[in-house]
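Chains, contacts and geometry: an overview
Listed below, chain by chain, are the residues.
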Amino acid sequence: MPMASSVLISLLLTLLASPYAAGSARYRLAGGGASSCYTRLFSFGDSLTDAGNYVTLFPDISVLAPPYGETFFRRPTGRFCDGRLIVDFIAEALRLPLLPPYLGGKTANDFRHGVNFAVSSATAMRQGFFREKGLDLTIIPPYSLDVQLEWFNHVLHLLGSTEQERKGIMSSSLFLMGEVGVNDYNHFLFQNRSFTAEIKPLVPKVIQKIQNAIKVLITLGAKTIVVPGNIPMGCLPRYLTMFQSSNPGDYDAAGCIRWLNDFAEHHNRALRGMLEQIPHDQTVTIIYADYYGATLDIIRNPHKHGFSKDGTLIACCGDGGPYNSNSLFSCNATSALCPDPFKRISWDGIHYTEAVYHLVARGVLEGSYAAPSILSKCRC
């Protein structure tokens, strides 16, 4: 990365056609036959968006073995899913190729349609923050949102040699910020830290990091940025296993843990409040993607969306227990596997199935869970 570019990105942070395009006929998204309204798609985030960066860094992991990837790709791809992710469905709907992981490319040609910077377990806060808090860093990688933005700046300069070229790239690209922040909370929860004293006070810090990242992109020339909220954490099989309670009042009608979902909603309110106040001119569109609402609707109304009621809160791939998620990394080649992932919501206890990601992507693309919708920007 050029020295001047590195300094610029650090200063800004401080101041502030696919080989799978045919897809499954079962998952045909609206988008028409026209060419993409965006020339490129850039995505940031964690394992809900990671398409292969984590496994490039840490190849000895179960996600590189079956049954991961079995539904669509018929092989493991580095995605923490049985098939495609939300970002994949967005790319397909925009008539763009599936994004390559940043660590899988080297040249401008590799990134000509965009790139995926997301890394599993990535956080909004830098790794040093968690070190200072005394957390075990074993599963906390040093690839926070700040680092992913530095990677992006490197790619931007590969693609455009002049400021005018780079501004053109920024204005014609779609940016997916990813569900940043979930892991900042997860890492504390996984290590049994205090919710009241340590986890809930993290929210303003996480929101500030997301705000800084958005400001960086706007300053560089971005015109359309999609910012997803947190997911319903209290409905994840892993958390349902960790925080089992004998008190019926701790659960909602769907069987999800109330206090965890309340916390996710608290994060999302803070995020939306920030997005409403972040300064930008009328040429910039910031889209809030309601991953929480889209997913919770599926969980509460599984039959309406084609899912089985009895498997709503049970992982498709896991290692037993009431939610088939007795451990954090419970899905591997010897795991208990459900007969039909298309009927299940959770894939491995932490991540969702392709079937869920398709519906969430449709809600963001077509507008029921985004305002404005992504595709509405293509009809201008």
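All of the points below concern the structure found in this document. Every value quoted in this text rests on a predicted model; they were computed, and no experiment measured them.

Digging into the pairing of strand β5 (residues 285-289)
Most of β5 is tucked away: five of the five residues are buried. Relative to β5, strand β4 (residues 224-228) is paired through five bridges, and the arrangement is parallel. The partner of V226 across the bridge, within β5, is I287. Pairing geometry for β5 and strand β8 (residues 370-371), over two bridges, is antiparallel. When the bridges of β8 are listed, A289 appears paired with A370.

A look at helix α5 (residues 145-159)
Helix length check: α5, at 15 residues, gives a terminal C-alpha distance of 21 Å against a target of 21 Å (1.5 Å per residue), a fit within 8%. For α5, a buried count of 11 out of 15 residues is recorded, marking the element as mostly surrounded by other parts of the structure.

Description of the pattern of salt bridges
Counted under the stated rule, the structure contains eight salt bridges. Linking R84 and E354 is a salt bridge whose minimum nitrogen-to-oxygen distance equals 3.0 Å. Placement of the pair is R84 in the loop between α2 (53-57) and α3 (86-93) and E354 in helix α13 (residues 354-366), with a sequence separation of 270 residues. What makes E354 buried here is its relative accessible area of 1%. Salt bridges sharing partners connect three or more residues here, namely R126, D146, E150 and K209.

Considering helix α12 (residues 291-300)
Of all 10 residues in α12, nine are buried; the element is thus mostly enclosed. Residues Y291, Y292, G293, A294, T295, L296, D297, I298 and I299 constitute the buried set of α12. Turning to α12, the residues buried within the fold contact α3, β3 (173-176), β4, α11 (258-277), β5 and α13.

Topic: the sheet that holds β8
Reading across from one edge, β2-β1-β3-β4-β5-β8 is the order of the six strands in this open sheet, with mixed pairing throughout. In the strand order of this sheet, the two ends are held by β2 (114-116) and β8, each with one partner.

Comments concerning the packing of α5 against helix α6 (residues 163-171)
Put simply, α5 and α6 touch, their axes get as near as 9 Å, and they point 120° apart. The way α5 lies across α6 gives a crossing that is right-handed. Residues F152, L156, H157 and L159 of α5 pack against R166, I169 and M170 of α6. For the contact of α5 with α6, a count of residues per class yields five nonpolar, one polar and one charged.

Side note on the side chain of T312
Within the fold, T312 resides in the loop between α12 and β6 (317-318). Looking at T312, its side chain comes within polar contact range of the main-chain oxygen of K309, at 2.9 Å. Setting aside residues up to four positions removed in sequence, T312 forms contacts with I299, P302 and I345.

Some points on the state of the cysteines
Across all of its chains, the model carries three disulfides by this definition. Here C317 engages in a disulfide with C331; their sulfurs sit 2.0 Å apart. Handedness of the C317-C331 disulfide follows from its S-S torsion of about 90°: it is right-handed. One end of the pair, C317, is in strand β6; the other, C331, is in the loop between β6 and β7 (336-337), with 14 residues separating them in the sequence. What makes C317 buried here is its relative accessible area of 0%.

Rules used in this analysis
- Residues numbered from 1 in each chain as written.
- Predicted model: local features only at pLDDT ≥ 70, side-chain atom pairs only at ≥ 80, totals over all residues.
- Heavy atoms only, no water.
- Buried < 20%, exposed > 50% of the residue type's maximum accessible area, 1.4 Å probe, protein only.
- Helix = DSSP H or I, 4+ residues; strand = E, 2+ residues; numbered from the N terminus.
- Pairing = 2+ DSSP bridges.
- Expected span 1.5 Å × (residues − 1).
- Salt bridge = Lys/Arg side-chain N within 4 Å of Asp/Glu carboxyl O.
- Contact = heavy atoms within 4.5 Å.
- Axes fitted to C-alpha atoms, helices over the stretch in contact; angles between N-to-C directions.
- Left-handed = near helix turned anticlockwise from the far one by under 90°.
- Nonpolar A, V, L, I, M, F, W, Y, C, P; charged D, E, K, R; others polar.
- Polar contact = N/O pair within 3.5 Å; in protein donor to acceptor, adjacent residues only side chain to side chain.
- Disulfide = S-S within 2.5 Å.

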